[in-house]
Amino acid sequence: MNALPPADQPDPLAAFDALRTPEGSALLDELRDHDPAQELATATRLRRAHPAALVSAALGQARLRQRAVAKFGEADAHRMFFTPNGVEQATRTSVAGYRAGRFAELGVRSVADLCCGIGGDAIALARAGIPVLAVDRDPLTARVARANAEALGLQDLVEVRCADVTGIDTAPYDAVFVDPARRGGRGRIFDPEAYSPPLSWATEAALKAPRAALKIAPGVPHEAIGPQAEAEWISDGGDVKEAVLWFGKGFTPGTFRATLLPSRTTLASDGPLPAPPVGPVGRYLHEPDGAVIRAHLVAQVVERCGGRLIDETIAYVTSDAPYTSAATASYEITDQLPFNMKKLKALLRERQVGVLTVKKRGSAVEPEELRRKMKLQGPHAATVFLTRVAGAPTMLIGRPVERP
Ligand SMILES: C[S@@+](CC[C@H](N)C(=O)[O-])C[C@H]1O[C@@H](n2cnc3c(N)ncnc32)[C@H](O)[C@@H]1O
């Protein structure tokens with residue numbers, strides 16, 4: 001049973017239901033483009049015509065929708081509903097759609113989405129044509145997930161159940177998807193056994209199903225990944241979003257994969273790669289995508305570009321010949337000098353650099369502080385890499401090479 005909220009706080013379920021009444025919907029429409037800086041004035045105006053509790057729920061929801069645009073896009077975010085944790089933890093459309101596509105390609109016809117949150121993954125699965133049982137134990141979150149399925153016209157494909165996932169019989173489903181909660185009261189949880197439910201429970205549930213996917217933090221130690229899983233790190237627009245462990249027919253246990261959205265470029269290996277060569281900085285520097293680094297596939301980039309690492313502990317790759325790929329950001333290097341702020345300042349002044357991008361790996365220097373000290377002036381742009389070359393603190397200066 002839910003504990004009753006204190007008398008001065010509205011029941012969150014009732015407050016949410018009020019948003020779905022015609023009056024609530026009209027308020028949300030009105031607040032679509034509202035400026036958060038004007039919130040006080042807006043609230044005062046709206047309270048003249050609407051109950052204060054509804055106005056405050058609508059303003060809260062309008063804020064969450066604005067935050068959700070980055071993950072769900074304008075059109076969906078303004079039709080959907082969110083909770084603060086729900087928007088934070090939801091999978092973005094690009095990644096959820098990619099994963100749902102992998103299930104659909106294998107002919108999966110039903111999925112139990114255990115830990116559905118506000119429904120980011122359930123929506124993508126339904127849009128891939130797969131019926132979903134979406135389960136969350138938090139009553140408000142489950143209600144929001146149901147509202148989202150309805151708002152997007154997917155109610156016939158998504159059944160939402162408010163329950164603890166540990167009591168769900170997944171036998172009738174072709175596949176199981178688990179996205180455990182990874183945030184406790186004090187922020188992010190790094191130990192996979194502290195997830196809710198723990199990774200060991202999720203793995204057991206996965207192994208019982210014909211096929212399964214478990215979403216985990218991208219920083220998960222490789223040792224925590226069992227031999228039965230294909231592990232895939234996914235980035236979107238160059239930012240690593242998650243790791244997913246795939247189980248069952250159609251996946252390749254022991255494979256480590258990096259998939260880069262939106263291009264869907266994928267690199268994979270079925271075992272640890274030999275250590276790549278290390279050598280002097282050439283004309284080009286390549287920064288591998290974070291998913292490639294997390295999946296321990298930098299050696300493949302080194303091989304593809306015919307290059308070498310600049311330091312055995314640093315994920316910067318260098319080559320003499322030009323090379324571009326979706327898996328790397330590449331730069332043409334114009335200068336290499338030992339780390340020295342004064343020399344850097346002089347060089348940037350001489351080159352009339354007014355816009356400096358600072359990249360660093362293996363350096364403790366704060367980019368903002370460096371930029372401030374450089375007192376930049378001039379019409380040109382440059383990129384500086386603060387790093388180590390063969391163990392020595394080094395500055396590399398260059399400019400981006402556009403991908404064709
Ligand atoms: C990371 S979120 C899921 C996000 C979702 N995949 C999405 O894209 O919107 C995890 C959810 O698991 C739920 N949860 C945690 N432990 C649970 C359990 N034992 N049973 C059911 N739900 C649980 C939490 O309430 C939370 O909403």
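These numbers come from a predicted model, not from an experiment.

So, the pairing of strand 3 (residues 158-162)
With five bridges connecting them, strand 2 (residues 132-136) and strand 3 associate as parallel partners. Along strand 3, the bridge assignment pairs Leu133 with Glu159. For the handedness criterion, the β-α-β arrangement of strand 2, helix 8 (residues 139-151) and strand 3 is classed as right-handed.

Overview of the packing of helix 12 (residues 341-350) against helix 13 (residues 367-374)
Two elements in contact, helix 12 and helix 13, have axes separated by 10 Å at closest approach and are oriented at 60°. Looking at the two axes, helix 12 sits oblique to helix 13. In this structure, helix 12 meets helix 13 at a crossing whose hand is right-handed. Counting all contacts with helix 12, which are made through Met341, Leu344, Lys345 and Leu348, the residues of helix 13 involved are Leu370, Lys373 and Met374. Split into classes, the residues belonging to the contact of helix 12 with helix 13 amount to five nonpolar, no polar and two charged.

What to know about the sheet that holds strand 4 (residues 175-178)
If you trace the nine strands from one edge of the open sheet to the other, you get 3-2-1-4-7-9-8-10-11, paired in mixed fashion. Each edge of the open sheet carries a strand with a single partner, namely strand 3 and strand 11 (265-269). Across the sheet, the mean angle separating the axes of adjacent strands is 20° when strand polarity is ignored. Two strands pair when backbone bridges link them, and strand 1 (residues 111-114) and strand 4 are joined in this way by four bridges, in the parallel orientation. Bridge assignment links Leu114 to a residue of strand 4, and that residue is Val178. Sitting on the sheet, helix 6 (residues 93-105) touches strand 1, strand 4, strand 7 (211-216), strand 8 (230-236), strand 9 (239-248) and strand 10 (256-261), and the angle it makes with strand 8 is about 145°. This element, helix 7 (residues 120-127), spans strand 1, strand 2, strand 3 and strand 4 of the sheet and lies at about 175° to strand 2.

Brief notes about empty space enclosed by the protein
Regions of empty space are outlined by a rolling probe, equal in size to a water molecule, passed over the atoms. The full count for this structure, using the stated rule, is one cavity of 30 Å³ or more. Reported here for the largest cavity is a volume of approximately 50 Å³. Contributing to the lining of the largest cavity are Ala96, Arg99, Ala100, Phe103, Asp121, Leu125, Phe177, Ala213 and Trp246. Listed by contribution, the elements that provide at least two residues to the lining of the largest cavity are helix 6 and helix 7.

Rules of the game
Residues numbered from 1 in each chain as written. Predicted model: local features only at pLDDT ≥ 70, side-chain atom pairs only at ≥ 80, totals over all residues. Heavy atoms only, no water. Pairing = 2+ DSSP bridges. Helix = DSSP H or I, 4+ residues; strand = E, 2+ residues; numbered from the N terminus. Right-handed = clockwise from strand over helix to strand, strands pointing away. Axes fitted to C-alpha atoms, helices over the stretch in contact; angles between N-to-C directions. Parallel < 35°, antiparallel > 145°, perpendicular 65-115°, else oblique. Left-handed = near helix turned anticlockwise from the far one by under 90°. Contact = heavy atoms within 4.5 Å. Nonpolar A, V, L, I, M, F, W, Y, C, P; charged D, E, K, R; others polar. 1 Å grid on protein atoms, 1.4 Å probe; cavity = no way out; pocket = protein on both sides within 12 Å on 5 of 7 lines; lining within 4 Å. Points joined across faces, edges and corners; volume = space filled by probe spheres on them.

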